[in-house]
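# Overview (structure and organization)
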Amino acid sequence: MKSYEIKNIQVDRNDIFNYVVSNSSYDPIERCIDCQSYEVFDEFIYNNQTKETIEQDEDFVIFSKQVSLLRSKAPKMHGDEIKRICEELEEIAPKYVKL
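In short, a report on the structure. (Residues numbered from 1 in each chain as written. Predicted model: local features only at pLDDT ≥ 70, side-chain atom pairs only at ≥ 80, totals over all residues. Heavy atoms only, no water.)

## Examining the nonpolar core
Ranked by internal contacts, the top residues of the largest apolar core, which has 27 residues, are Val11, Ile16, Ile29, Ile33, Ile45, Phe63 and Val97. For this core, the element with the most residues is helix H2 (residues 58-73), which contributes five residues. Contacts of Ile33, omitting those with residues within four sequence positions, involve Lys7, Ile9, Tyr38, Val40, Ile45, Val97 and Leu99. (Core = buried A, V, L, I, M, F, W, Y, C linked by side-chain atoms within 4.5 Å. Buried < 20%, exposed > 50% of the residue type's maximum accessible area, 1.4 Å probe, protein only. Helix = DSSP H or I, 4+ residues; strand = E, 2+ residues; numbered from the N terminus. Contact = heavy atoms within 4.5 Å.)

Written out as structure tokens, the structure reads:
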């Protein structure tokens, strides 16, 4: 089993909001890591240099899926409601990723 570098991250609610309302094309977790080297998906991070898929822990998967769900529903929601949910998502965001 390969060991990965653990990188501590702190996801910001503003990055979540900007991604959800399509003001940014960068996933909020991508903002915490090198977005040129890595690409974030709902269940894993893809290393563009090694072409490797790095599976992530459950808290990452839950957070990512919730962000994707909010992004799909955001066009029909009010801004205040989106901001409130982004605050909640910030609380459940992963504290680290494997790279």
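## What about the side chain of Gln56?
In this fold, Gln56 is placed in the loop between strand S4 (52-55) and H2. Separated by 3.1 Å, the side chain of Gln56 and the backbone oxygen of Ile54 make a polar contact. Beyond its immediate sequence surroundings of up to four residues, Gln56 is in contact with Glu43, Phe44, Ile45, Val61, Val97 and Lys98. (Polar contact = N/O pair within 3.5 Å; in protein donor to acceptor, adjacent residues only side chain to side chain.)

## A closer look at the side chain of Glu52
Take Glu52: it is sitting in strand S4. Engagement of the side chain of Glu52 in a polar contact is seen with the side chain of Tyr4, the distance being 3.3 Å. Residue contacts for Glu52: discarding those within four places in its chain leaves Lys2, Tyr4, Ile45, Tyr46 and Asn47.

## Notes on the sheet that holds strand S2 (residues 38-40)
Overall, antiparallel pairing links the three strands, which are arranged S2-S3-S4 in an open sheet. A strand with exactly one partner marks an edge of an open sheet, and here the two such strands are S2 and S4. Neighbour to neighbour, the strand axes of the sheet diverge by 25 degrees on average, direction disregarded. In the sheet, strand S3 (residues 44-47) pairs with S4 via four bridges, with the strands oriented antiparallel. What sits directly across from Phe44, in S4, is Glu55. (Pairing = 2+ DSSP bridges. Axes fitted to C-alpha atoms, helices over the stretch in contact; angles between N-to-C directions.)

## Examining the packing of helix H1 (residues 13-20) against helix H3 (residues 79-92)
Remark: H1 packs on H3, axes separated minimally by 9 Å, with the N-to-C direction vectors making an angle of 130 degrees. Looking at the two axes, H1 sits oblique to H3. Between H1 and H3 the crossing geometry is right-handed. Side by side, H1 and H3 meet where Arg13, Ile16, Phe17 and Val20 of the first sit next to Gly79, Ile82, Lys83, Cys86, Glu87, Leu89 and Glu90 of the second. The class makeup of the residues in the contact of H1 with H3 is six nonpolar, one polar and four charged. (Parallel < 35°, antiparallel > 145°, perpendicular 65-115°, else oblique. Left-handed = near helix turned anticlockwise from the far one by under 90°. Nonpolar A, V, L, I, M, F, W, Y, C, P; charged D, E, K, R; others polar.)

## What about unusual backbone geometry?
Phi is positive for Ser22, which is not a glycine, with a value near 65 degrees. Of note, Ser22 is situated in the loop between H1 and S2. In this structure, Lys51 takes a positive phi of about 60 degrees despite not being glycine. Topologically, Lys51 is positioned in the loop between S3 and S4.

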